[in-house]
Protein chains: 2
Amino acid sequence: MPDARFQPLTGFRDFAPQECAERNYLFSCWRRVAARYGFAEWEGPTVEATELYLKKTGGELPTQLFRFQDQGGRDVTLRPELTASLGRMAAGYQREYPKPLKWFEIGSCFRYEKPQKGRLREFYQFNADILGEKGSGADAELISLAIDCMRELGLTAGDFVVRISDRAVWLRYAAEHGIPEEKTGDFLAVVDKFERDSPETCQEKLAAFGLSRSELVEFIAHPPVDCSPRFNEVQADLAARGLAECIRLDLSVVRGLTYYTGLVFEIFDTAHSLRAIAGGGRYDALVGTLSEDAVNLPATGFAMGDAVIAHLIRQCPAAEAQMNAAARLRSCEAFLALADPARRPELLTLASALRNKGVSVDFPLSAAKLNNQLRRAERQGARYAVIVGSEYPALELKTLATRQSRQVTPEELLFLLSGKAARPSLPESETTQS
Amino acid sequence: MPDARFQPLTGFRDFAPQECAERNYLFSCWRRVAARYGFAEWEGPTVEATELYLKKTGGELPTQLFRFQDQGGRDVTLRPELTASLGRMAAGYQREYPKPLKWFEIGSCFRYEKPQKGRLREFYQFNADILGEKGSGADAELISLAIDCMRELGLTAGDFVVRISDRAVWLRYAAEHGIPEEKTGDFLAVVDKFERDSPETCQEKLAAFGLSRSELVEFIAHPPVDCSPRFNEVQADLAARGLAECIRLDLSVVRGLTYYTGLVFEIFDTAHSLRAIAGGGRYDALVGTLSEDAVNLPATGFAMGDAVIAHLIRQCPAAEAQMNAAARLRSCEAFLALADPARRPELLTLASALRNKGVSVDFPLSAAKLNNQLRRAERQGARYAVIVGSEYPALELKTLATRQSRQVTPEELLFLLSGKAARPSLPESETTQS
């Protein structure tokens, strides 16, 4: 960690190369899985009109916004999430792409929260959404994608669980228990806080609806058979994919946001020691709301942040080892060392030729002792050192891990390092121990 | 273009999948070239304390900032550029990485400008910097990297030129013409505007320094031999790399920012019909300024935005064709079509097996006519359609471009699509015309 004087703002992060490599590992896992599922990447602007978020939530804005007036007097907001931009864009572009749209995005989001474990003021979110498909096939495809993102990171069914719920079940429950329609939102909010509130608080809140906490505990613990046909369809779909063990029906999941309309889900670590790793669900009415009923596009989606998943990876040794291996800094494949300062032009020509063939190459930018150059090559994680000296065009090619070396010409070097075998194993007979 | 109701804020952009694929093409070219040069990626926060930008420019802030108070009353700014964050981070992290640091970044920047061709309020910048190396080798390495970024995009020496200048030449010129040291900055500002100001305005400004415009014209047109030893070194270095034809000494380049200290350069399209494509130079004192003299780190760097280069690519047919080919949307390799609704579980199992092997797979999420499914496979750019029907486990594998098809088992399909040859050419003898 750097000197306190050089820190970023509270809740914001610096990604020096090591941290950036870990971030990029996560991003590339997300992108790889999304590509396998046929999702196309999109990106929205970082700043949106505040009104867009007002439309989305139906009037009550989150309190933790980075909201300000721009120089032109516009009320604008740093995006706290990506679904509002997605809805706006999907309404605008839906005619140009075959439906259903399978779209994903990876981008920064901003919330003015008290920084704590897994909560930052700027964080990355991976969002995947399917728009234009109302059937359960889309819900299952999306949950399967979320599970495969976890597996791609080296996490297994023992490390996490997908808790699936269905708002339709709760809406029916509310109706059957005489809760007036206009109070349904309040009731869902109580269920949403069910696990986090103290039993007393929960009991008190439920009493207002003429319900008891024990009633709710019982309903969640033993949900009626076939209470959610949609869940059953998704379960059958995921079973055919071999993913049944990763999911369970858990009606205590409601998701706080008001725009969800059907199946919702959250992913947690098995020990439930962390916040939700991902969450999402159906929002069939949102695009209509954002487009003032111009576009009707049923949709389902989820978001996975980068902060909580990083904590889970650090808790799972196999996943952590996989990340550490993938994010190991290796600044170059070949480090060209200069033994004779008069040969710098030849070194530069050689470096360019190798780079033109796609080989990652580094070399000292100013004069340095040969030993220091070779030490630097090792520190940087180079695989080979190539010594350019007075014997040019004869070059010494050293494999740093084994310390074996051999003489090669520039042409041989180009062939060896840029050939199909980008990591040539040198014939033992031709090598000498250095 | 979507309906006006669904537009982002003025000067901000939506990247629907096609636009995002073009953006990603640019990003991957930048990343590929940076990796070949041994540069490591970093990322800073999107929001910084406004004070950081004040420190960097020495008191006069740019007027076009997205600057606001956060909920905690902090004076913060959406980053207008990346060098200030880099300087702050380099000061903090420089002990943890071998020097010189070769670091690059790709990120959003924000300026409240009048939106026009090549100017946006949110845009991407590719930044590459070398810190901890004062010699000309670093300047040359950086200019070579910038040139190779252009070449990676399919642009050639005929399409662009790197105009290199040296502030040291102008500082000496000012001293020799009796311009007092405290006026040197003002004098450089006049030279910086030399090409853009009308001859009359320029003449008037120069008169204040006791100089005439024709004097300056002559000096720039025929710079004294060896006026810049640093340029000569860089020229020799780039000549050894085969890049001499891409650069020229052009003393009219000064770069507006006050923190540059030595060699500076800009890349323009040959016709000079666009704004600068990239620009940068030495800023040996900046890290010291930002760290209040705690860290002395000579540095050189450049930035390349995404907007101007996109215009140049569109002007150069070969570069545009290369981008179009690379950014062509292909949502999946294999589209699984369902001919018999009863076989959906088998289709799901097969889709999962293929995806687990890394194959990109899509399929209909709800019931659809077979013909519509196959049309969708073609529209999405799938290479193969696989028909899962009542004959299962017999599958029909169709190559969409040739319309040839053959019968395969699930095991054969997995082998064919996930083997080392990810794009198998099917033996002609086994295929039938459909």
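Residues numbered from 1 in each chain as written. Chains lettered and ligands numbered in written order. Predicted model: local features only at pLDDT ≥ 70, side-chain atom pairs only at ≥ 80, totals over all residues. Heavy atoms only, no water.

Caption draft 1: Quick look at the interface of chain A and chain B. Listed as interface residues are 95 residues of chain A and, on the opposing side, 95 residues of chain B. With both chains or domains summed, chain A and chain B bury close to 7,700 Å², and 56% of this area falls on carbon and sulfur atoms. If you sort the residues of chain A by the area they bury against chain B, F6, R36 and L365 of chain A come out on top, with a joint share of 10%. Across the salt bridge formed by K102 of chain A and D362 of chain B, the nearest N and O atoms sit 2.6 Å from each other. Taken together, the links from chain A to chain B amount to 40 residue pairs in polar contact (both at pLDDT 80 or more). Top element by residues in the side of chain A that touches chain B is helix α1 (residues 17-36) of chain A. It accounts for 9 residues. Looking at side-chain class alone, the side of chain A that touches chain B contains 43 nonpolar, 23 polar and 29 charged residues. (Contact = heavy atoms within 4.5 Å. Buried area = accessible area lost by both parts, 1.4 Å probe. Salt bridge = Lys/Arg side-chain N within 4 Å of Asp/Glu carboxyl O. Polar contact = N/O pair within 3.5 Å; in protein donor to acceptor, adjacent residues only side chain to side chain. Helix = DSSP H or I, 4+ residues; strand = E, 2+ residues; numbered from the N terminus. Nonpolar A, V, L, I, M, F, W, Y, C, P; charged D, E, K, R; others polar.)

Caption draft 2: Focus on the sheet that holds strand β3 (residues 67-69) of chain A. All names here are of chain A. Within the open sheet, the 3 strands sit side by side as β2-β4-β3. Their pairing is antiparallel. Lying at the two open borders of the sheet, with one neighbouring strand each, are β2 (47-49) and β3. Averaged over all pairs of adjacent strands, the angle between strand axes in this sheet comes to 35 degrees, irrespective of strand direction. Sheet analysis places β2 next to strand β4 (residues 75-78), joined by 3 bridges and oriented antiparallel. When the sheet's bridge partners are listed, V47 is paired in β4 with L78. Here helix α2 (residues 50-57) sits on the sheet in contact with β2, β3 and β4, set at roughly 65 degrees to β2. (Pairing = 2+ DSSP bridges. Axes fitted to C-alpha atoms, helices over the stretch in contact; angles between N-to-C directions.)

Caption draft 3: Geometry of the relation of the copies chain A and chain B. In screw terms, the move from chain A to chain B is a rotation of 180 degrees and a rise of 0.0 Å along the axis, fitting with an RMSD of 0.0 Å. Taken together, the rotation angle and the small translation identify this as a two-fold axis. The position closest to the rotation axis in chain A is occupied by the C-alpha of F68 of chain A, lying 3.2 Å away. Same-surface contact between copies: 100% of interface residues of chain A are shared with the interface of chain B. (Least-squares fit on C-alpha atoms with pLDDT ≥ 70 in both.)

Caption draft 4: Looking closely at unusual backbone geometry. With an omega of 10 degrees, the peptide bond between Y392 of chain A and P393 of chain A qualifies as cis. Within the secondary structure, P393 of chain A is located in the loop between β14 (384-388) and β15 (395-399). Notably, E292 of chain B is not glycine yet its phi reads approximately 50 degrees, a positive angle. With respect to the helices and strands, E292 of chain B occurs in the loop between α10 (286-290) and β11 (299-305). Under the relative-accessibility criterion, E292 of chain B is labelled exposed at 55%. (Buried < 20%, exposed > 50% of the residue type's maximum accessible area, 1.4 Å probe, protein only.)

Caption draft 5: Fine view of the confidence of the model for chain A. Residue and element names in this part refer to chain A. Looking at chain A as a whole, its pLDDT mean stands at 92, while 95% of the residues score no less than 70. Of the regions scoring below 50 in pLDDT, residues 420-434 engages in 29 contacts with residues more than four places distant in sequence or in other chains. Confidence metrics for the complex model read pTM 0.94 and ipTM 0.93. (pLDDT = per-residue confidence, 0-100.)

Caption draft 6: Local environment of the environment of G305 of chain B. Residue and element names in this part refer to chain B. Tracing the backbone shows G305 in strand β11. Along the primary structure G305 and N127 are separated by 178 residues, whereas in three dimensions their C-alpha atoms are 8.7 Å apart. Sequence-distant contacts of G305, that is, excluding residues within four places in its chain, are made with W30, Y124, Q125 and I277.

Caption draft 7: Fine view of the packing of aromatic side chains. For the structure shown, the criterion picks out 39 aromatic pairs over all chains. Both rings, one in F15 of chain B and one in Y124 of chain B, keep their centres 5.8 Å apart while their planes meet at 55 degrees; by these two values the pair is tilted. Of this pair, F15 of chain B sits in the segment before α1 (17-36) while Y124 of chain B is found in strand β6 (residues 122-131), placing the two residues 109 residues apart along the sequence. This pair shows no difference in class: F15 of chain B is buried, exactly as Y124 of chain B is. Ring centres of F104 of chain B and F126 of chain B lie 5.9 Å apart, and the angle between their planes is 55 degrees; this geometry places the pair in the tilted category. Of this pair, F104 of chain B sits in strand β5 (residues 101-110) while F126 of chain B sits in strand β6; the two residues are 22 residues apart in sequence, bridging distant segments of the chain. Across the pair, exposure class does not vary: F104 of chain B and F126 of chain B are buried alike. Among the aromatic residues, those joined into a cluster by ring pairs are F15, F27, W30, F104, Y124, F126, F265 and F302 of chain A. Geometry around Y112 of chain A places R121 of chain A over its ring, the cationic atom sitting 3.8 Å from the centre. (Phe/Tyr/Trp six-rings, centres within 6.5 Å; stacked < 30°, edge-to-face > 60°. Lys NZ or Arg CZ within 6 Å of the ring centre and 35° of its normal.)

Caption draft 8: View of the side chain of K56 of chain B. All names here are of chain B. Among the structural elements, K56 can be located in helix α2 (residues 50-57). Residue class for K56 comes out buried when judged on its relative accessible area of 7%. Those residues within four positions of K56 in sequence are excluded, and the remaining contacts are E81, T83, A84, Y259, L286 and L290.

Caption draft 9: Summary view of the sheet that holds strand β8 (residues 247-249) of chain A. All names here are of chain A. If you walk across this open sheet you meet the 8 strands as β1-β5-β6-β11-β10-β9-β7-β8, and the pairing is mixed. Single-partner strands in this sheet number two, and they are β1 (40-41) and β8. Sitting on the sheet, helix α5 (residues 167-176) is in contact with β7 (160-166) and β9 (263-269), with an inclination near 40 degrees to β7.

Caption draft 10: Highlighting the pairing of strand β10 (residues 278-282) of chain B. All names here are of chain B. When you tally the buried positions in β10, you get 5 out of 5 residues, the bulk of the element. One ladder, built from 4 bridges, connects strand β9 (residues 263-269) with β10; its direction is antiparallel. Bridge pairing links I267 to A278 in β10. Examined bridge by bridge, β10 and β11 share 5 bridges and lie antiparallel to one another. Across the sheet, G280 pairs through a bridge with F302, a residue of β11.

Caption draft 11: Region of the structure containing the environment of Y173 of chain B. Residue and element names in this part refer to chain B. Mapped onto the elements, Y173 comes out in helix α5 (residues 167-176). Using a relative accessible area of 4% as the deciding quantity, one classes Y173 as buried. C-alpha separation for the pair Y173 and I220, spaced 47 residues apart in sequence, amounts to 11 Å. When residues no more than four places from it in sequence are discounted, the contact partners of Y173 are F187, L211, E215, L216 and F219.

Caption draft 12: Region of interest: the side chain of N127 of chain B. Residue and element names in this part refer to chain B. Along the chain, the position of N127 falls in strand β6. What makes N127 buried here is its relative accessible area of 2%. A distance of 2.9 Å separates the side chain of N127 from the side chain of Q125, its partner in a polar contact. Beyond its immediate stretch of four places on either side in the chain, N127 contacts L82, T83, W103, F104, E105, F302 and A303.

Caption draft 13: Structural context of helix α13 (residues 344-356) of chain A. Residues and elements named next belong to chain A. Compared with the 18 Å implied by 1.5 Å per residue over 13 residues, the 18 Å span of α13 between its first and last C-alpha is a close match. Burial in α13 covers these residues: R344, L347, L348, L350, A351, S352, L354 and R355. Within two residues after α13, G358 carries a phi angle of roughly 95 degrees, on the positive side. (Expected span 1.5 Å × (residues − 1).)

Caption draft 14: Just the packing of helix α13 (residues 344-356) of chain B against helix α15 (residues 410-418) of chain B, in detail. Residue and element names in this part refer to chain B. Packing of α13 against α15 leaves a shortest axis separation of 10 Å and a crossing angle of 30 degrees. Comparing the axis directions of α13 and α15 gives the class roughly parallel. The handedness of the crossing between α13 and α15 comes out as right-handed. Along its contact with α13, which presents L350, A353 and L354, the element α15 presents P410, L413, L414 and L417. A per-class count over the contact of α13 with α15 returns 7 nonpolar, no polar and no charged. (Parallel < 35°, antiparallel > 145°, perpendicular 65-115°, else oblique. Left-handed = near helix turned anticlockwise from the far one by under 90°.)

Caption draft 15: Summary view of the pattern of salt bridges. All names here are of chain B. According to the stated counting rule, one finds 72 salt bridges over all chains in the structure shown. The closest approach of N and O atoms between R230 and D139, which form a salt bridge, is 2.7 Å. Here the residue R230 occupies a position in helix α9 (residues 229-240), and D139 occupies one in helix α4 (residues 136-152), the gap between them amounting to 91 residues. For R230, a relative accessible area of 25% gives the class partly exposed.

Caption draft 16: Here's a closer look at the pairing of strand β16 (residues 404-408) of chain B. All names here are of chain B. Counting buried residues in β16 gives 4 out of 5 residues, a clear majority hidden from the surface. Here strand β15 (residues 395-399) pairs with β16 via 5 bridges, running antiparallel. Paired with E396 across the bridge in β16 is Q407.

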